[in-house]
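# Secondary and tertiary structure notes
Residue-level listing of the chains:
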Amino acid sequence: MATIASAETNETTDRVRSAGFRLAPWAASYLQATPLILILGFFFILPIAMIAVVSFWDYDFAGLYPDFLTMNYTETLGSWVTWKTYLNTLKFTVIVWTLTVFIGFWVAYFLAFHIRRTSTQMILFLVCTVPFMTSNIIRMISWIPVLGRNGLVNSALIEMGIIPQPIEWLLYSDFAVVLAMVHLYTLFMVTPIFNTLMRIDRSLFEAARDAGASGWQILWNVILPLAKPGIAIGSIFVVTLVMADFSTVQVMSGGQSASVALMMKNQMSLLQYPAAAANAVVLLIVVLMMVAAILRVVDIRKEL
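Cut-off values and rules
- Residues numbered from 1 in each chain as written.
- Predicted model: local features only at pLDDT ≥ 70, side-chain atom pairs only at ≥ 80, totals over all residues.
- Heavy atoms only, no water.
- Buried < 20%, exposed > 50% of the residue type's maximum accessible area, 1.4 Å probe, protein only.
- Helix = DSSP H or I, 4+ residues; strand = E, 2+ residues; numbered from the N terminus.
- Contact = heavy atoms within 4.5 Å.
- Salt bridge = Lys/Arg side-chain N within 4 Å of Asp/Glu carboxyl O.
- Phe/Tyr/Trp six-rings, centres within 6.5 Å; stacked < 30°, edge-to-face > 60°.
- Lys NZ or Arg CZ within 6 Å of the ring centre and 35° of its normal.
- Axes fitted to C-alpha atoms, helices over the stretch in contact; angles between N-to-C directions.
- Parallel < 35°, antiparallel > 145°, perpendicular 65-115°, else oblique.
- Left-handed = near helix turned anticlockwise from the far one by under 90°.
- Core = buried A, V, L, I, M, F, W, Y, C linked by side-chain atoms within 4.5 Å.
- pLDDT = per-residue confidence, 0-100.

## Re helix 13 (residues 260-269)
Residues of helix 13 that are buried include every one of Val 260, Ala 261, Leu 262, Met 263, Met 264 and Gln 267, and no others. Each element contacted by the buried residues of helix 13 is listed here: helix 4 (80-113), helix 11 (215-243), helix 12 (247-252) and helix 14 (273-297). Phi for Leu 271, located one or two positions after helix 13, is positive at around 65°.

Spelled out as structure tokens, the structure:
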């Protein structure tokens, strides 16, 4: 009797399901993705579209005038000051990326392979994140009493007799800008590399040692190839952050250096919004090309 009742219940359920409204699999997928599409469209695509539209407008000291002019792009791309600023920004990007990759990889390598206990790994990783509990401005300003003319570094070197007078280029220079950026963005390289290294199967190291590989050969032929996804993700973070940074350049260079983001900030302070929008579109294209180049070298979706 129980079997007959169960069969009747299943038949009734199947009838209700067949009689109800059922979406096709592709329609259900799009319906599930609709909230995300709406959020990205409103907070990401729409602002970028507005920036692209405003970049073609006309302007003067009195206001903005909706139009379709290529004047802003002509002035931006036809100025040697703009090209020099882009080259200066790319210089910062390459130097900071190189240093963060080197430092970030070895920090992640130490945490992943030389710290055996998981709890110790997490504690040391949290120690690395402690500076990020304060704002970027505070962390940049903290370098001023260290690198200044009468700062800790110059005072210590003079007292030890290493230098006769303070070193001027430690602060308000390109060196200070690079140092501050490396300090600010290294963790964005450490985190993805550390996550990638923790996923490596340790039996691969034993197999390599059994095959006669040395420690450096294991590092070069096993660890580095498997760490490429983490390096690529960290590179995307660092490149985009450095290209869009203006506060570090402004504070640490003392106004003696420039970047594309700082140039846009100055244009906006002068109410030259269409010119700043044109620079923003060009900068976005440059950054997307750099990210595409990184993804061309490392296919993150395939490697993960």
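After that view, the rundown keeps rolling.
## Here we look at the pattern of salt bridges
Side chains that differ in charge, positive against negative, can pair when their charged atoms come close. Per the stated rule, a full pass over the model turns up two salt bridges. With its nearest N and O atoms 2.9 Å apart, the salt bridge here joins Lys 91 to Asp 174. With Lys 91 in helix 4 and Asp 174 in helix 9 (residues 174-198), this residue pair connects regions lying 83 residues apart in the sequence. Its relative accessible area of 30% is what places Asp 174 among the partly exposed residues. The residue Glu 168 makes a salt bridge to Arg 149 at a minimum N-O spacing of 1.8 Å. Of this pair, Glu 168 sits in the loop between helix 8 (152-159) and helix 9 while Arg 149 sits in the loop between helix 7 (144-147) and helix 8, and the two are 19 residues apart along the sequence. Since its relative accessible area comes to 47%, Arg 149 is described here as partly exposed.

## A short note on unusual backbone geometry
One non-glycine residue with positive phi stands out, namely Tyr 172, at about 55°. Summarising the element assignment, Tyr 172 is placed in the loop between helix 8 and helix 9. Phi is positive for Leu 271, which is not a glycine, with a value near 65°. You can see Leu 271 is positioned in the loop between helix 13 and helix 14.

## Focus on the environment of Phe 188
By the secondary structure assignment, Phe 188 is in helix 9. On the basis of relative accessible area, Phe 188 is assigned to the partly exposed category, the value being 32%. Between the C-alpha atoms of Phe 188 and Leu 99, which are 89 residues apart in sequence, the distance is 12 Å.

## Side note on the packing of aromatic side chains
Counted by the stated rule, this structure contains 11 aromatic pairs. Ring geometry for Phe 56 against Tyr 73: centres 5.1 Å apart, planes inclined by 45°, an arrangement best described as tilted. Of this pair, Phe 56 sits in the loop between helix 2 (25-54) and strand 1 (58-59) while Tyr 73 sits in helix 3 (residues 71-77), and the two are 17 residues apart along the sequence. The class of Phe 56 is partly exposed, set by a relative accessible area of 22%. The class for Tyr 73 is buried, based on a relative accessible area of 15%. Feature note: the residues Phe 105, Trp 106, Tyr 109, Phe 113 and Phe 205 constitute an aromatic cluster, connected by ring pairs. In this structure, Lys 91 is placed above the aromatic ring of Phe 92, and the distance from its NZ or CZ to the ring centre is 5.1 Å.

## Observations concerning the packing of helix 4 against helix 11
Two numbers describe how helix 4 lies on helix 11: the axes approach to 9 Å, and their chain directions differ by 135°. Of the possible angle classes, the one that applies to helix 4 and helix 11 is oblique. Viewed along their axes, helix 4 and helix 11 form a crossing whose handedness is right-handed. Judged by residue contacts, Thr 89, Leu 90, Phe 92, Thr 93, Val 96, Trp 97, Thr 100, Val 101, Phe 105, Trp 106, Tyr 109 and Phe 113 of helix 4 engage Trp 216, Leu 219, Ile 223, Leu 224, Ala 227, Ser 235, Val 238, Val 239, Val 242 and Met 243 from helix 11.

## A few points about the side chain of Thr 82
You can see Thr 82 is positioned in helix 4. Excluding anything up to four places from it in sequence, Thr 82 contacts Thr 76, Met 263 and Asn 279.

## Examining the nonpolar core
With 42 residues, the main nonpolar core has Phe 113, Met 181, Leu 197 and Ile 223 as its most contacted residues. Mapped by element, the contributors of at least two residues to this core are helix 4, helix 9, helix 10 (203-210), helix 11 and helix 12. Tallying contributions element by element places helix 9 first for this core, with 14 residues. With near-sequence residues (within four places) excluded, Leu 197 lies in contact with Ala 108, Tyr 109, Ala 112, Phe 113, Arg 202, Ile 223 and Ala 227.

## Considerations on the confidence of the model for the chain
Per-residue confidence for the chain gives a mean pLDDT of 84, with 92% of residues at or over 70. When pLDDT is averaged over each element of the chain, helix 4 comes out on top at 92 and helix 1 (residues 2-19) at the bottom at 48. Contacts from residues 1-5, a stretch scored under 50 in pLDDT, to residues over four places away or in other chains number zero contacts. Here residues 15-19 is modelled with pLDDT under 50, and outside its nearest four sequence neighbours on either side it reaches one contact, counting other chains as well.

## Concerning the environment of Gln 267
With respect to the helices and strands, Gln 267 occurs in helix 13. Given a relative accessible area of 14%, Gln 267 falls into the buried group. Sequence-wise, Gln 267 and Arg 149 are 118 residues apart; in three dimensions their C-alpha atoms are separated by 32 Å. In this structure Gln 267 touches Gln 272, Ala 275, Ala 276 and Asn 279, once residues within four positions along its chain are discounted.

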